[in-house]
Amino acid sequence: MTALVLCSLVFGVGLYVVLTRREIIAILAGVELMLGSANILLVALASFAGADGGVIGSVALAVLVVAAAEAAVGLALVVSLARRSKRSRVEELLEVKG
Amino acid sequence: MTLTILAFALSGLLMAGGAAVVALTRDLMRMVIGLGTFLLGVAGMFLFYGQAFLATAQVFVYVGGVLVLFVFAVMVVHRSSGGRPVLESRHDIGAAVIALGVSGMVILSLQDSVGGWLPASASGGAAIATELLGGHLVVFELLGALLLAALVAVLVIVGAGERR
Amino acid sequence: MTLLWGFLWGVAGMTVIAVGAILGVWWERKVAARIQMRYGPQQIGPFGSLQMIADVPKLLFKEDIIPDSADKPIFKYAPLFVFGPIAVSMVVIPFSAGWAPLNTSVGVLFFLAVPSIEVIAILLSAWASHNTLSTLGGIRATAQMISYEVPRSLAVLAIVLLAGSLRPLDVVDAWRWWWLPLTFIAFLIYFIASIAEMNRGPFDIPEAESELVAGYFADYSGMRWASFMMAEYGGMISASLFGAALFLGAGWPFTGALGVVALIVKTIALMTIVMWVKWTLPRLRQDHLMSFCWKVLTPLALVQLVIVGVVLPWL
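(A) A look at the overall build of chain B. When you go through chain B residue by residue, the secondary structure sums to six helices and zero strands. Put simply, chain B runs from its N terminus to its C terminus through helices and strands in the order α-α-α-α-α-α. Out of the 164 residues in chain B, the part that is buried amounts to 42%. Partitioning the contacts of chain B with sequence separation of at least 6, the portion at a separation of at least 24 is 68%. Accessible surface computed for chain B: about 8,300 Å², of which carbon and sulfur atoms make up 72%.

Okay, structure coming up:
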C-alpha cells in the first residue's frame, strides 16, 4: 500500500513538472519521473499478484529500455533545436519559424 | 525484517526527495542531481522487490547513461549563458490539482490489488533470461531493433558536428 | 548482524583502497623512476617506502581553495562520489574459491555498473569548477569513460558466457586453465579498456598535465585532489583484482587463504604492467582514443564473443 501511494504521488509530481516547468530539459526529466514510478508500480503490483519473477523482470526491463531510448532521442532533439534557435524555453520555441 | 523496511524507506525517501527537487528547484544542475537521486531510489526499489538484475541495469543505464546525457544536454544548450542557468516555472494551482487528481485516480483504482508488505521472491538474471530468450524472444529482438533505431536516429538528428 | 558485517566489510574496503593507494603510489614512483633510468624516492624509510607518510600530511594541510564562481555544494561533495563507487564495487570481487565478501547473483554486472556513478560525479565536478578548460576536460573524460564501458562489458561477457552465471563465486568455480588462451583477446580488451576507464596511462588526455593543466580537477587542491587520485589508484587496484579473478582464475592453483595470496601476486603483476604502459607509451589524441574504442576494441570484443559462442557447445 505504501508503495502504491508513493509511486502514484511521484507520478503526480512528474505530471506537475511537465505541466509547469518552462525548460524543455526539465520537462524531459518529468517524463523520466513518470516512467520510473510507473515501472516500479508495475513491478510492485505484479509481485503482489504472484507473477513469476522472470516475467516481471522481462516486462520491467522492456519498459526500462524503451524509456531510456526515448530519453536519448528526446535529448538529441533538444540539442538540435537549441543549436538552431539558441532557445530552450518552451514559450520561445513556439515562435521558431522555418 | 527491519533491514528490508530500512531499505524500502531509504529508497522511497530517495525517490520522493529526488522528485521534489526536480519539481521545485530553481537551478538546472540541482534539478539534474535530483533526477539522479530519484533514479538511484528506483534502483533501490527494484532491489526491494527482489529484482537484482533490474536494479543493476537501472544504475548502469540510467545513472551512468541517461543522466550523463542530461548533463551533456544542459552543457550544450546553456553554453552561452555564462552564469548558472536558471530554471523557471509557472507554479500553478490548476496544475497541482490535476497532478493530485491523477495520483488519486491511480491510487483509488488500484488499491484493491495490493496486499500487505511483501515480497519474498528474489530473481537473478537467469529467470529473466529464460523468459526473454524463451517464450518472449520476439520482444527481445524488437527491443534490440528499437535501440538500434534510437541510435541511428540520434546520429541523424544531431548530425556530424556543428554548423558554424 | 548482517548490517554490522556489511559495515565492517565497507571499512575493510576503504582501508584496502587507502593502503593500496599509498603503496601503489610508492611502487609507481619506483617503477617510473627505473623506466626513466633514475632511482625513485630513497631518502625516507628503506627504499623510500615511507615517502607517502610524508606526503599525506602535506596534502591534508594544504589550503582549501574554492573558486569564487564555483558551485559550492557540488564542488565540495562531488569528489566523494568519484571515490565512493570504486570502494563499493570492490565488495563483489571473488578473492578465491569460496571467499567473496558479497556473493550476489548479479555480482559481475554490479562490478561493471557501479563505476558508472563515478562518471556522472566527474562530469559534475568538472561543471562545478565553472571554467571552460575544466568543463572541456570533464566532457572529454566522460565521453572516454562511457565509450570504454562498452568493450569492457563485452569482454567480461565472454567469461560470463563460458561460466553460465553472473555470480562471482560460480565464475571462479567454473574457471579452467584453458579458458585463458581461449579468452585471451577478451583479457587484453578488458585490460586496455580498464586503463582507459580510469583515465590512466596513454589515455589520460583529460588530465593531461602538460596540455590542459590537469584538466577537470585543475581547481581542486589538497585532499579534494587526493580523492581523485585515490579514485584512480583504487580503480586500478579493483580493475586488476577483478581481471585477475575472472580471467586468470582467482588464486588458481591454490584455494582458501593461499589462493588469496596468489590473487594478490597476480594483481601486483597486472598493476605493474599498467604502470609500465603508462610510463612507456606517449599519450593518445582524443579522436584516436575514441576511434580506437569504437573501431578496434568493440569489433574485436564481438569477434571474441563469436569465438566463445562457437566453442561453447563442445564444452
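Once you've had a look at it, read on.
(B) Geometry of the arrangement of the chains. Across the two pairs of chains that are in contact, the largest number of contacts falls between chains A and B. The smallest C-alpha distance separating chain A from chain C is 14 Å, and no contact links them.

(C) Seen up close, the packing of helix H2 (residues 24-48) of chain A against helix H2 (residues 28-48) of chain B. In the contact formed by H2(A) and H2(B), the axes pass within 10 Å of each other and the chain directions differ by 10°. Of the possible angle classes, the one that applies to H2(A) and H2(B) is roughly parallel. On the side of H2(A), the interface is formed by A:Ile25, A:Ala26, A:Ala29, A:Glu32, A:Leu33, A:Gly36, A:Ser37, A:Asn39, A:Ile40 and A:Val43, while H2(B) contributes B:Met31, B:Leu35, B:Phe38, B:Val42, B:Met45 and B:Phe46. When grouped by side-chain class, the residues that make up the contact of H2(A) with H2(B) number 12 nonpolar, three polar and one charged.

(D) Expanded view of the nonpolar core. By size, the foremost hydrophobic cluster in this structure holds 154 residues, and its most contacted members are B:Phe46 and B:Phe70. For B:Phe46, the residues in contact, after removing those within four places along its chain, are A:Asn39, A:Ile40, A:Val43, A:Ala60, A:Leu64, B:Gln51, B:Leu54, B:Ala55 and B:Gln58.

(E) Spatial organisation of the interface of chain C and chain B. Contact residues are listed per partner, giving 28 residues for chain C and 24 residues for chain B. When chain C packs against chain B, close to 2,200 Å² is buried across both sides, 81% of that on carbon and sulfur atoms. Taken together, chain C and chain B are joined by zero salt bridges. For the pair chain C and chain B, the number of links is zero residue pairs in polar contact (both at pLDDT 80 or more).

(F) Local environment of the interface of chain A and chain B. Opposite the 67 residues of chain A that make contact, chain B presents 70 residues. Scanning the region where chain A abuts chain B turns up zero salt bridges. Within the residue set of the side of chain A that touches chain B, elements represented by two or more residues are helix H1 (2-20), H2 and helix H3 (53-85) of chain A. Classifying every residue of the side of chain A that touches chain B by side-chain character gives 45 nonpolar, 14 polar and eight charged.

(G) Representation of the pattern of salt bridges in the model. A complete count under the given rule lists five salt bridges over all chains for this structure. Here B:Arg30 and B:Asp27 are joined by a salt bridge, their closest N and O atoms 3.3 Å apart. For B:Arg30, a relative accessible area of 25% translates into the label partly exposed. In this structure, C:Glu232 engages C:Arg200 in a salt bridge whose closest nitrogen and oxygen atoms are separated by 3.3 Å. Placement of C:Glu232 in helix H10 (residues 223-247) and of C:Arg200 in the loop between helix H9 (184-197) and H10 is noted, with a sequence separation of 32 residues between them. Judged by relative accessible area, C:Arg200 falls into the buried class, the value being 1%. Put simply, C:Glu28, C:Arg200 and C:Glu232 are held in one network by salt bridges that share partners.

(H) Representation of helix H3 (residues 72-89) of chain C. At C:Ala78, H3(C) shows its maximal bend, which comes to roughly 30°, and the proline C:Pro79 appears one to four places after that position. What H3(C) keeps buried is the set C:Ile74, C:Phe75, C:Ala78, C:Pro79, C:Val82, C:Phe83, C:Pro85, C:Ile86, C:Ala87 and C:Ser89.

(I) A look at the packing of helix H5 (residues 115-129) of chain C against helix H6 (residues 132-163) of chain C. All names here are of chain C. At a minimum axis separation of 8 Å, H5 and H6 run at an interaxial angle of 170°. The pairing of H5 with H6 is recorded here as roughly antiparallel in orientation. Each of Ser116, Glu118, Val119, Ile122, Leu123, Ala126 and Ser129 in H5 lies in contact with H6, whose residues at this interface are Ser134, Thr135, Gly138, Ile139, Ala141, Thr142, Met145, Ile146 and Glu149. Among the residues forming the contact of H5 with H6, the class breakdown is eight nonpolar, six polar and two charged.

(J) Local environment of the packing of aromatic side chains. All names here are of chain C. Applying the stated criterion to the full structure yields 10 aromatic pairs over all chains. Geometrically, the ring pair formed by Phe187 and Phe247 is tilted, given 5.4 Å between the ring centres and 40° between the ring planes. Of this pair, Phe187 sits in helix H9 while Phe247 is found in helix H10, placing the two residues 60 residues apart along the sequence. Each member of the pair, Phe187 as well as Phe247, carries the same accessibility label: buried. The ring of Tyr233 is capped by Arg200, whose NZ or CZ atom sits 5.7 Å from the centre of that ring. Taking NZ or CZ as reference, Lys278 lies 5.3 Å from the ring centre of Trp279, over its face.

Thresholds applied
Residues numbered from 1 in each chain as written. Chains lettered and ligands numbered in written order. Predicted model: local features only at pLDDT ≥ 70, side-chain atom pairs only at ≥ 80, totals over all residues. Heavy atoms only, no water. Helix = DSSP H or I, 4+ residues; strand = E, 2+ residues; numbered from the N terminus. Buried < 20%, exposed > 50% of the residue type's maximum accessible area, 1.4 Å probe, protein only. Contact = heavy atoms within 4.5 Å. Areas by Shrake-Rupley, 256 points an atom, 1.4 Å probe, with all protein chains shown as cover. Axes fitted to C-alpha atoms, helices over the stretch in contact; angles between N-to-C directions. Parallel < 35°, antiparallel > 145°, perpendicular 65-115°, else oblique. Nonpolar A, V, L, I, M, F, W, Y, C, P; charged D, E, K, R; others polar. Core = buried A, V, L, I, M, F, W, Y, C linked by side-chain atoms within 4.5 Å. Buried area = accessible area lost by both parts, 1.4 Å probe. Salt bridge = Lys/Arg side-chain N within 4 Å of Asp/Glu carboxyl O. Polar contact = N/O pair within 3.5 Å; in protein donor to acceptor, adjacent residues only side chain to side chain. Bend = angle between axes of the 7 residues up to and from the residue. Phe/Tyr/Trp six-rings, centres within 6.5 Å; stacked < 30°, edge-to-face > 60°. Lys NZ or Arg CZ within 6 Å of the ring centre and 35° of its normal.

Structural measurements only, silent on function.
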